[in-house]
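Fold and contact review
Each chain, letter by letter, is given below.
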Amino acid sequence: MTIQWFPGHMTKARRQIEEKLKLIDVVIELLDARIPLSSRNPMVDEILKGKPRLVLLNKNDLADPQVTADWVKYFADQGLPALPIDAATGTHVKEILPRVKQLWAHKIERQLSKGINPRAVRALIVGIPNVGKSTLINQLAGKKIAATGDKPGVTKGQQWIKVGTEMDLLDTPGILWPKFEDQMVGMRLAATGAIKEELLHLDEIALFVVKYMVQNYGAGIQERFGVQDLPEDLDDIQEMVKVMEAIGRKRGAIVSGGKVDLDKASLIIIRELRAGKMGRISLERPLDKR
Ligand SMILES: Nc1nc2c(ncn2[C@@H]2O[C@H](COP(=O)(O)OP(=O)(O)O)[C@@H](O)[C@H]2O)c(=O)[nH]1
Ligand SMILES: [Mg+2]
């Protein structure tokens, strides 16, 4: 992930998506199931201007299934259908086409009633960097990948990928920027690997992860790292650092003199989280304070 977002880049990204929107019927908004709102572009409603939209909660293999179910309900309550998927393995990817068709069914019916042969529904994937857009495009393309080349009315350079006979997917996604002004959003993005960790201190990110885990997945920490007592006061940083030290000790992150190397411990915590080794963990809930 190399994009550094400056206001000029945002304007350009927005313009590029608006160009693509002219060509398409349905938008597929890709979010990270572990942090759906933090991985969402703050202006997405404004940019998409009421296009029919399917929300996909990707990387659901790493997210807490119960929390993901809460998010599906959260989006449904706002009138947005949402579907959890794993683009990497293709789990539930087959359900995307029927959902997209549902969103376009009214148009197809109208065309049929006028005696017009309906064309394939045209879709575009949008999302922030690293959310899995390319992985999903490849997964949807599968072996049936068939770039149809320059169709009339298609912007130069854009190609359509045929997903069966009923959906055409634009081969390049719309890239959106996240809402990093908010410090908690930045933490969640860094913890999941959506933004470069060099932008934040590793120990700060690890501290955030440990605090969230103590709050929501305490038993997991106790089992995996053999930490006996967990702090009751979530704002007691010294106690949280002790948990980090216990994890570091368990993983052998020791410097000479037997002290725990907190940087190393932080890296271990973040790596294990991202690899799903601590279990399926969500770092954002619909009811979290924002
Ligand atoms: N665990 C997991 N990893 C995924 C999934 N989808 C994508 N990834 C990984 O996320 C990273 C970014 O994916 P990519 O498709 O390049 O994101 P893009 O920047 O939005 O195009 C890659 O390492 C993918 O392998 C998923 O469903 N589960
Ligand atoms: Mg990509």
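Here the structure is shown first, and the text comes after it.
Residues numbered from 1 in each chain as written. Chains lettered and ligands numbered in written order. Predicted model: local features only at pLDDT ≥ 70, side-chain atom pairs only at ≥ 80, totals over all residues. Heavy atoms only, no water.

1. Description of unusual backbone geometry
For Lys 49, which is not glycine, the phi dihedral falls at a positive 45°. Looking at where Lys 49 falls in the secondary structure, it is placed in the loop between helix H2 (44-48) and strand S2 (53-58). Looking at Lys 49, the relative accessible area reads 56%, which means it is exposed. Non-glycine residue His 92 carries a positive phi angle of around 70°. (Helix = DSSP H or I, 4+ residues; strand = E, 2+ residues; numbered from the N terminus. Buried < 20%, exposed > 50% of the residue type's maximum accessible area, 1.4 Å probe, protein only.)

2. A short note on the pairing of S2
Here S2 lies mainly inside the structure; 6 of its 6 residues are buried. Covered by surrounding structure in S2 are Arg 53, Val 55 and Leu 57 together with Leu 54, Leu 56 and Asn 58, the residues of both alternating faces. Here S2 runs beside strand S3 (residues 82-84); their pairing, made up of 3 bridges, is parallel. In the sheet register, Leu 56 faces S3, and the bridge partner there is Leu 83. Handedness of the crossover is the feature at issue here: the chain leaves S2, passes through helix H3 (residues 65-77), returns alongside S3, and the resulting connection is right-handed. (Pairing = 2+ DSSP bridges. Right-handed = clockwise from strand over helix to strand, strands pointing away.)

3. Observations concerning the site of ligand 1
Ligand 1 sits among 15 residues. The nearest are Asp 61, Asn 130, Lys 133, Ser 134 and Thr 135. Here an oxygen atom of ligand 1 and a backbone polar atom of Gly 132 are 3.0 Å apart. Considering ligand 1 on its own, with 580 Å² of exposed area, one finds that the protein chains cover 69% of that surface. When residues of the shell around ligand 1 are assigned to their parent elements, the largest contribution, 3 residues, is made by helix H5 (residues 133-141). Of the residues assigned to the shell around ligand 1, the class counts are 6 nonpolar, 5 polar and 4 charged. (Near = heavy atom within 4 Å. Polar contact = N/O pair within 3.5 Å; in protein donor to acceptor, adjacent residues only side chain to side chain. Areas by Shrake-Rupley, 256 points an atom, 1.4 Å probe, with all protein chains shown as cover. Nonpolar A, V, L, I, M, F, W, Y, C, P; charged D, E, K, R; others polar.)

4. Quick notes on the nonpolar core
In this structure, Leu 56, Phe 75, Ile 85, Ile 96, Leu 136, Leu 140 and Met 167 are the most contacted members of the largest nonpolar core, which totals 67 residues. If we skip the residues at most four places from it in the chain, Leu 140 touches Val 93, Ile 96, Ile 125, Val 163, Met 167 and Leu 169. The next biggest cluster of nonpolar side chains, apart from the first, holds 17 residues, and it includes Ile 17, Ile 24, Val 126 and Leu 170. (Core = buried A, V, L, I, M, F, W, Y, C linked by side-chain atoms within 4.5 Å. Contact = heavy atoms within 4.5 Å.)

5. Looking at the pattern of salt bridges
For side chains of opposite charge, pairing can occur when their charged atoms come near one another. Using the criterion set out here, one finds 18 salt bridges in the structure. With its nearest N and O atoms 3.1 Å apart, the salt bridge here joins Glu 18 to Arg 14. Placement of the pair is Glu 18 and Arg 14 together in helix H1 (residues 7-21), with a separation of 4 residues, close to one helical turn. A salt bridge links Glu 29 to Arg 53; the nearest nitrogen and oxygen atoms lie 2.9 Å apart. In this pair, Glu 29 sits in strand S1 (residues 26-32) while Arg 53 sits in strand S2, placing the two residues 24 residues apart along the sequence. Classification of Glu 29 by relative accessible area gives buried; the value is 2%. (Salt bridge = Lys/Arg side-chain N within 4 Å of Asp/Glu carboxyl O.)

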